[in-house]
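Inside the fold
The residues making up each chain are set out below.
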Amino acid sequence: MKTKIIKILGLATLLALVSSLLLSFFAYEIPAPLFYANFLLVGASFIYYSISQKMVLFVIKRIIGAFGVILIIASLTFFLMRFMPGGPFDEEKTLPPEIKANIEAKYNLNAPLYEQYFDYIGGLVQGDMGQSYKYLGRNVSDIVAEVFPASFQLGLYALIISFLLGIPLGLFAAAYHNKWQDTTSMMLAILGVTLPSFLVAPIVIQFFSFKLDWLPAAFWDGPSYYILPMIVLGTRPAATIARLTRASVLEVIRSDYIRTAKAKGLSRKTVLFKHVLRNSLIPVLTYAGPLAAGILSGTFIIEIIFAIPGMGKHLIQSVNNRDYPLILATTLLFSALLVFANLIVDLLYSYFDPRIRLS
Amino acid sequence: MFKKLIIAIFSLAMVASCTKKKSSSAGMDLSDTLRVNVTTEPPSLDWNKSSDTTSAKIQDNIMEGLIKYDLTDPELSLLPGLAMEWTPSENTKVWTFKIRTDVKWNDGVPFTAQHVLDGWERLINPLTASNYAYFLHGIEGAEDYTSGKIKDFSKVGAKLLDANTIQVTLKGPQSYFPNLLTHHTTYPIRIDVVKKHGDAWTEPENIVTLGPYKMTKWIHDKEIHLERSETYYGSKAKIKNVIAYMINENSTAINLFEKGQLDMQLSLPSTELRELKKKPEYQDSGLLGIYYYGFNTTKAPMDNATVRRAVAHAVDRQAITKMLAGGQIPTTGFVPAGMFGYDASVGTGFDVAKAKALLDEAGYSDRSKFPTIKIGFNTNDDHQRVAENIQAQLKKNLGINVELYNEEWKVFLKSVKTDPPHMYRMGWIGDYPDPDNFLNLVTSASANNYTKWKNSTYDKLIADGAIELNKDTRKGIYKKAQKLLLEEAVALVPIYNYVSQDLISDRVVNFKKNPMDRYPFKDLTLK
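Structure report, in brief. All values reported here derive from a predicted model rather than from experimental measurement.

1. Here we look at the overall build of chain A
For chain A, the helix and strand inventory stands at 14 helices and 0 strands. If you list the helices and strands of chain A from N to C, you get α-α-α-α-α-α-α-α-α-α-α-α-α-α. The long-range share in chain A, meaning contacts at least 24 apart out of those at least 6 apart in sequence, stands at 73%. Computing the positive centroid from 29 side-chain charges and the negative centroid from 20, chain A places the two 20 Å apart.

2. With respect to a nonpolar patch on the surface
Residues and elements named next belong to chain A. A grouping of Leu188, Leu191, Leu195, Phe198, Leu199, Ile203 and Ile301 is seen on the molecular surface, where their side chains present a nonpolar patch of about 640 Å² in accessible area. Going through the elements one at a time, helix H7 (180-194) and helix H8 (197-211) are the ones with two or more residues in the nonpolar patch. If you tally residues by element for the nonpolar patch, the top one is H8, at 3 residues.

3. Quick notes on the interface of chain B and chain A
Quite often, the size of an interface is put as the accessible area lost when its parts meet. The interface of chain B with chain A comprises 50 residues on the first partner and 52 residues on the second. Applying the counting criterion to the chain B and chain A interface returns 5 salt bridges. The closest approach of N and O atoms between Arg322 of chain A and Glu408 of chain B, which form a salt bridge, is 2.7 Å. Counting across the interface, chain B meets chain A through 16 residue pairs in polar contact (both at pLDDT 80 or more). Elements with a minimum of two residues in the side of chain B that touches chain A: helix H4 (142-147), helix H7 (250-258), helix H13 (409-418) and strand S16 (423-429) of chain B. Of all the elements, H13 of chain B adds the most residues to the side of chain B that touches chain A, at 6 residues. Tallied by class, residues from the side of chain B that touches chain A come to 20 nonpolar, 14 polar and 16 charged.

4. Focus: the packing of helix H15 (residues 456-467) of chain B against helix H16 (residues 471-488) of chain B
All names here are of chain B. One way to put it is that H15 packs onto H16 with a least axis distance of 9 Å and a crossing angle of 155 degrees. Considering the angle they form, H15 stands roughly antiparallel to H16. Along this stretch, H15 crosses H16, giving a crossing that reads as left-handed. For the pair formed by H15 and H16, the contact residues are Thr457, Tyr458, Leu461, Ile462, Asp464, Gly465 and Ala466 on the first element and Arg474, Ile477, Tyr478, Lys480, Ala481, Leu484 and Leu485 on the second. Its residues placed into classes, the contact of H15 with H16 shows 9 nonpolar, 2 polar and 3 charged.

5. Remarks on the packing of aromatic side chains
Here the structure, examined in full by the defined rule, presents 41 aromatic pairs over all chains. Ring geometry for Phe25 of chain A versus Phe26 of chain A: centroids 5.2 Å apart, planes at 90 degrees, classification edge-to-face. With a centroid separation of 5.6 Å and an interplanar angle of 75 degrees, the aromatic rings of Phe35 of chain A and Tyr36 of chain A are classed as edge-to-face. For Lys222 of chain B, the ring lying beneath its charged end belongs to Phe219 of chain A, and the centroid distance is 5.7 Å. Over the ring of Tyr291 of chain B we find Arg425 of chain B, and its NZ or CZ is 4.9 Å from the ring centre.

6. So, the nonpolar core
Residues Phe97 and Trp120 of chain B are the most contacted members of the largest nonpolar core, which totals 106 residues. Not counting chain neighbours up to four residues away, the residues in contact with Phe97 of chain B comprise Leu66, Ile67, Ala83, Glu85, Trp86, Asn164, Thr165, Ile166, Val168, Phe177 and Leu181 of chain B. By size, the runner-up hydrophobic cluster in this structure holds 75 residues, among which are Ile167, Trp220 and Ile241 of chain A together with Tyr282 of chain B.

7. A look at empty space enclosed by the protein
Under the counting rule described, the total for this entry stands at 3 cavities of 30 Å³ or more. Looking at the largest cavity, it is lined by 13 residues, and the ones nearest its centre are Ala307, Ile308 and Pro309 of chain A together with Asp221 and Asn248 of chain B. A class-by-class count of the residues in the lining of the largest cavity yields 7 nonpolar, 2 polar and 4 charged.

8. What to know about the side chain of Asp502 of chain B
Residues and elements named next belong to chain B. By secondary structure assignment, the location of Asp502 is in strand S17 (residues 492-504). Polar contacts involving the side chain of Asp502 include one to the side chain of Lys513, which spans 2.8 Å. In this structure the side chain of Asp502 is engaged in a polar contact, spanning 2.8 Å, whose partner is the side chain of Tyr519. Excluding its chain neighbours within four sequence positions, the residues that come into contact with Asp502 are Gln265, Leu266, Ser267, Leu268, Glu281, Tyr282, Gln283, Phe511, Lys513 and Tyr519.

9. Some points on the pattern of salt bridges
Under the definition given, this model contains 36 salt bridges over all chains. Here Arg122 of chain B makes a salt bridge to Asp46 of chain B, at a shortest N to O gap of 2.8 Å. Placement of Arg122 of chain B in helix H3 (residues 113-124) and of Asp46 of chain B in the loop between strand S1 (33-37) and helix H2 (53-62) is noted, with a sequence separation of 76 residues between them. For the pair Arg122 of chain B and Asp46 of chain B, one class covers both residues: buried. Salt-bridge contacts for Lys279 of chain B lead to Glu258 of chain B; the nearest nitrogen and oxygen are separated by 3.0 Å. One end of the pair, Lys279 of chain B, is in the loop between helix H8 (273-276) and strand S12 (282-295); the other, Glu258 of chain B, is in helix H7, with 21 residues separating them in the sequence. Members of the salt-bridge network, linked through shared partners, are Arg138 and Glu146 of chain A together with Glu41 of chain B.

10. Quick notes on the sheet that holds strand S5 (residues 94-99) of chain B
Residue and element names in this part refer to chain B. The 4 strands lie next to each other as S4-S5-S7-S6, forming an open sheet whose pairing is antiparallel. Strands with a single pairing partner mark the edges of an open sheet, and in this sheet they are strand S4 (83-89) and strand S6 (158-162). Neighbour to neighbour, the strand axes of the sheet diverge by 25 degrees on average, direction disregarded. Relative to strand S7 (residues 165-169), S6 is paired through 4 bridges, and the arrangement is antiparallel. Bridge pairing in S7 links Lys159 to Gln167.

11. Observations regarding the pairing of S1 of chain B
Residues and elements named next belong to chain B. In terms of burial, S1 is largely enclosed, as 5 of its 5 residues are buried. Covered by surrounding structure in S1 are Thr33, Arg35 and Asn37 together with Leu34 and Val36, the residues of both alternating faces. Relative to strand S11 (residues 264-265), S1 runs parallel, the two being bridged by 2 bridges. Following the sheet pairing, Val36 is matched in S11 by Met264.

Each value, and the rule that gives it
- Residues numbered from 1 in each chain as written.
- Chains lettered and ligands numbered in written order.
- Predicted model: local features only at pLDDT ≥ 70, side-chain atom pairs only at ≥ 80, totals over all residues.
- Heavy atoms only, no water.
- Helix = DSSP H or I, 4+ residues; strand = E, 2+ residues; numbered from the N terminus.
- Contact = heavy atoms within 4.5 Å.
- Lys, Arg positive; Asp, Glu negative; His and termini not counted.
- Charge placed at Lys NZ, Arg CZ, Asp CG, Glu CD.
- Patch = residues over 30% accessible without salt bridge, like charges linked within 9 Å, V, L, I, M, F, W, Y side chains within 5 Å.
- Areas by Shrake-Rupley, 256 points an atom, 1.4 Å probe, with all protein chains shown as cover.
- Salt bridge = Lys/Arg side-chain N within 4 Å of Asp/Glu carboxyl O.
- Polar contact = N/O pair within 3.5 Å; in protein donor to acceptor, adjacent residues only side chain to side chain.
- Nonpolar A, V, L, I, M, F, W, Y, C, P; charged D, E, K, R; others polar.
- Axes fitted to C-alpha atoms, helices over the stretch in contact; angles between N-to-C directions.
- Parallel < 35°, antiparallel > 145°, perpendicular 65-115°, else oblique.
- Left-handed = near helix turned anticlockwise from the far one by under 90°.
- Phe/Tyr/Trp six-rings, centres within 6.5 Å; stacked < 30°, edge-to-face > 60°.
- Lys NZ or Arg CZ within 6 Å of the ring centre and 35° of its normal.
- Core = buried A, V, L, I, M, F, W, Y, C linked by side-chain atoms within 4.5 Å.
- Buried < 20%, exposed > 50% of the residue type's maximum accessible area, 1.4 Å probe, protein only.
- 1 Å grid on protein atoms, 1.4 Å probe; cavity = no way out; pocket = protein on both sides within 12 Å on 5 of 7 lines; lining within 4 Å.
- Points joined across faces, edges and corners; volume = space filled by probe spheres on them.
- Pairing = 2+ DSSP bridges.

Following this line, the structure appears as structure tokens:
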């Protein structure tokens, strides 16, 4: 009965996630029930997994800790921002004093710092992050809600590419260790890591968009638009993942239990995929956590070059503009993603290597 | 087996019920659609509050002011807009405007002079916290209204003489006052719409405008759609649709332009100018803005006017603009070309012999006695190239040492406002084409005078120019003022006139670049 529940839950979650992914890739609207089903099913799987692995206490502790971390980050960012020279409303034209006073009154910038801080934290707890100082009259939460989906989509596709490319490549290189397949794969990986995206992107655009006219050069309006940015964004992490996988696999391959498996007479394939791969993914997993958080919260260069309306631009420009509410919102979103990603990674550790027991 | 079938049918049904996301420009007839890149998301389309050029481009097409520019006139004379006529009295201290009676907002409500007053009131209202409130501080009582000293708008010098006539009483005579009414910040407003929708009043489903175009869609950070307004009082726009894209990266936009997916690209990367200038679609025009280097006239050795004059003579502007290769116009004056008051004869020109002689005269014939001076600029590739060029020129032509430093924009602004270096890079783009807007920057009372130079003769000249109505007399006054500023005191060194460069597709007909950098779409047609 239990295994049946696990099977159905797992299958349903996978089905929901994959179909949402495919729908969004082919530029269909995800119907509302499916959208919420995703969250429900992932939540349910998460809870079931924690219970079955007896990690409930661990998870609860981590979630409470996560709120603490985010509060600390919010506070640090709040104060650091104010210490940056230059204010949000400084322009070439010096503002007459009464106008400056009016602006400061409107945004409560003339109140003592601790008062502004408590106002901010109070608002944050209620979900109100204030209005942007640059995009006048617009709620910061609305701005982020509008740009985050595109960045999330791009990041997700790039992540998938990086795993689909990286892990097999690393495995392939390790399997043919020291032969030409290994050397070539690793050379490709080094190229992938060293070539910067602002170099690769224009080259790729010139070739695929201009010379061959196969794909569009900019915007984010459909599957043909997604392909170039997601490949350019995904190749760098793919290269790193390939190298990590290869190194880890080479180490695991030498271990006793693999020799036992081979001695038992298991086929090369079974050994490689069932035993070696599963145990060598720990380093990849460690890398994947922060990678996911970073890539899902937007990448400035790719989004600018391909004119994708994402969050990456706001992450950077809000600082230049000294747009305090938007800086805080983007930073907090990124931090939340990072904390969450690390939690998932830690939970998955015990699946990949039961020897890692999380207290 | 049966279960699998059910799952399969269910999935198919769900997929079939999904709607495909419509492409944002689906259903648009390309032959009647103009595609422009405005480069960034407008920070705000609330015209009482916005201060940037992107917002202005949209606002100037969906709205109109009391007065317009004749963009074909090299001196940018004024034309009636929503005001049919305007007359000064009491030596330009009082202005009376007669407003059109045949205009309707695009929700059918008739436009009246009250809407103009509502716009002005909102602009100077302290609660609006507009950083352009100072624009109308020439009106009697306006400044006190903004600072909260007066709370009753009827005490401010703008009132209705009747339903369609406005009378403005200024603090003092101001001959160029009508120029201010061409600027979007003084446009009329529907205060009922603003009250009803609050901050969201500029969203396309809420905003009410009366210009040749109306905004039908605004996908933030992506694009804005404009559609011809059939209720506009004047000649209707020729092109029905305009899509304003927000592509930040210039090279991406140029890629799209070359692929035929953009009709107008309104900003070109300076590094590609040499190639882009060869294209037939390239157009440029001087802008009403000056790129200049200011002196801190209180910091030795720059506190000595002779030294400043020597440095000014030692700068070869032609060399700088040649290096930048962007079509910038070298200038020695502080009133840009393309407007009334421009004078090519004023300023301190390039003359190495004079420069050397002057520096000797100042007591530095032994150049080693001359301290190393600091030049500051805000971090930017082009500013760096210009600063390095000046550093090299000063070394070569005068034998003096210059130390360069750069700071991020906001930090730089703060430094310049509190403790400017010996020389600092700055620019000024005029709000309206009047010499006063440029020359009053360096009056003693101006908060924008980072040179710290104060001269009462100059102040008087500027004050006289502001009230003088006779054009020729004004020209003479401003000539004197420029000579004092740029030849005698040399408080700053103008380098070049800003230039705006565009790529305009040959599909677009009737486009005229103008120094106000205005882009009225209503007169354009598509081939």
